[in-house]
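# Secondary and tertiary structure notes
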Amino acid sequence: MVDISQGTPVTHSPSQNAVPHLLPSITALDAQAWRDLAGRVVEPNGYYLPEWTLAANGDDRGRRVTHALIAQDSSGQLTGLLPVLSCWHAFRLPLPVLVSADPFRSLDTPLLDREDGLQAATSLLAQARATGARALLLRDVARDGDAVQMLSRAAQADGVKPVLLRGWSRACLDATQDSDNVLRDALGGKRLKEYRRLMRRLGDHGEVRFSVAQTPEDVARAYEVFLALEASGWKGRRGTALLHQPELAARLRDAAVSLAACGAGEIAQLHAGDEAIAAGIVLRHGDRAYFFKLGIAEQHARSSPGVLLTLELTRHLCADPAIKLVDSTAAPDHPMIGPIWRGRFAVGDLLIPLRPRDPLFGAITLALRGREALRQRAKQLLKR
């Protein structure tokens, strides 16, 4: 286990007004202790499994700037963990704020030990405060989850109250239900009949098969299929597909294979004959699954391959007694998955002050809200 006093220094120039203090780099953490904590958390987060976090933040820049708030009990056992960036490295804003780290904006719920979650939350906030930071920003956090409740209790005990900068909901699947009932309630008989017709039409290209790659060897092969499919569509044309980021794609491939070896990662595929027409990466943690990314063969777009894969994935996950909830990790009101998975998972950006009655906190809040308003406006303009 890394002692925080021996961590990698977070260095910034004075003009950046960032948080100059010692925090351990994510690469310096004991990966086995991290895995052990992930196995006993109060609330799962597949995106903060060590294999995935290290891969997603693993380029040279990420290694330099991505650190971790950690909590330990009296025996030195890891009880809490949250990857963080300075506000300068996260947003290029010279604010004394630590920001949860996740380059994909997937889910930033911290890992807290279920046996000592409140104390772990208290320790994370204390460590953040000790860096000189004035606030901790949790982006894309499960705002109704146990981890946020414990952080809120810890904050209130310190005399501060978290502020929700922005809240929204995204599609999720209650996997404890019967899949036929889920799909019938969501889509109705007429639309399900239409999707069966589309499946039959795909049969003109050969036998239509749904499969789930789960072994490391199968996941390695399926990952290459996913990369090719994702790059064949609009993401490829925009240059945002993983295939256009070969170093990141390679790291995520290794992470997916490693997670498959411990039952925490799989790739769903839909084939028509010998041709793959859709593939989706799914992470698992505890009783939850996470639909990370989807790639489809654009030449079959009229047959809705993404929808057809999602219908089969719904059946697959609902049939798995180990999974209770599936997070779509999708944008709010996503036009494809929103009508299929009618559950809603509440997420948001939560700003936690680290000092009571801090005169800087109001200005920090205004600056971050202003940045988010500009970001949302830019996204709207890009869609036009």
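In short, a report on the structure. (Residues numbered from 1 in each chain as written. Predicted model: local features only at pLDDT ≥ 70, side-chain atom pairs only at ≥ 80, totals over all residues. Heavy atoms only, no water.)

## Let's talk about the environment of Asp287
Mapped onto the elements of the fold, Asp287 is located in the loop between strand S11 (275-285) and strand S12 (288-296). Here Asp287 falls in the partly exposed class, since its relative accessible area comes to 28%. For the pair Asp287 and Ala301, spaced 14 residues apart in sequence, the C-alpha separation works out to 33 Å. Setting aside chain neighbours within four positions, we find Asp287 in contact with Pro44, Ala322, Ile323, Lys324 and Leu325. (Helix = DSSP H or I, 4+ residues; strand = E, 2+ residues; numbered from the N terminus. Buried < 20%, exposed > 50% of the residue type's maximum accessible area, 1.4 Å probe, protein only. Contact = heavy atoms within 4.5 Å.)

## With respect to the pairing of strand S7 (residues 135-142)
Of all the eight residues making up S7, eight are buried; the element is thus mostly covered by neighbouring parts of the structure. In this sheet, S7 lies alongside strand S5 (residues 97-100) in parallel orientation, the contact comprising three bridges. Each residue of the ladder has a partner; that of Val97, found in S7, is Ala135. In this sheet, strand S14 (residues 343-353) lies alongside S7 in antiparallel orientation, the contact comprising six bridges. From the neighbouring strand, Ala142 faces S14, where its bridge partner is Val347. (Pairing = 2+ DSSP bridges.)

## A few points about helix H11 (residues 305-318)
Compared with an ideal rise of 1.5 Å per residue, which puts 14 residues at 20 Å, H11 spans 20 Å between its outermost C-alpha atoms and is within 8% of the ideal. Of all 14 residues in H11, 11 are buried; the element is thus mostly enclosed. Inspection of H11 places Pro305, Gly306, Val307, Leu308, Leu309, Thr310, Leu311, Leu313, Thr314, Leu317 and Cys318 among the buried residues, and these make up the whole buried set. (Expected span 1.5 Å × (residues − 1).)

## Things to note about the pairing of strand S10 (residues 265-272)
The buried count for S10 comes to eight of eight residues, which makes it a mostly enclosed element. Residues Gly265, Ile267, Gln269 and His271 line one face of S10 and the alternating positions Glu266, Ala268, Leu270 and Ala272 line the opposite face, and both faces are buried. Pairing of strand S9 (residues 208-213) with S10 involves six bridges; the strand directions are antiparallel. Considered in S10, the bridge of Ser211 is made with Gln269. Judged from the eight bridges that link them, S10 and S11 form a sheet pairing that is antiparallel. If you follow Ala268 over to S11, its bridge partner there is Gly280. Here S10 folds back onto S11 in antiparallel fashion, the turn holding two residues, of which Gly273 has a positive phi close to 65°.

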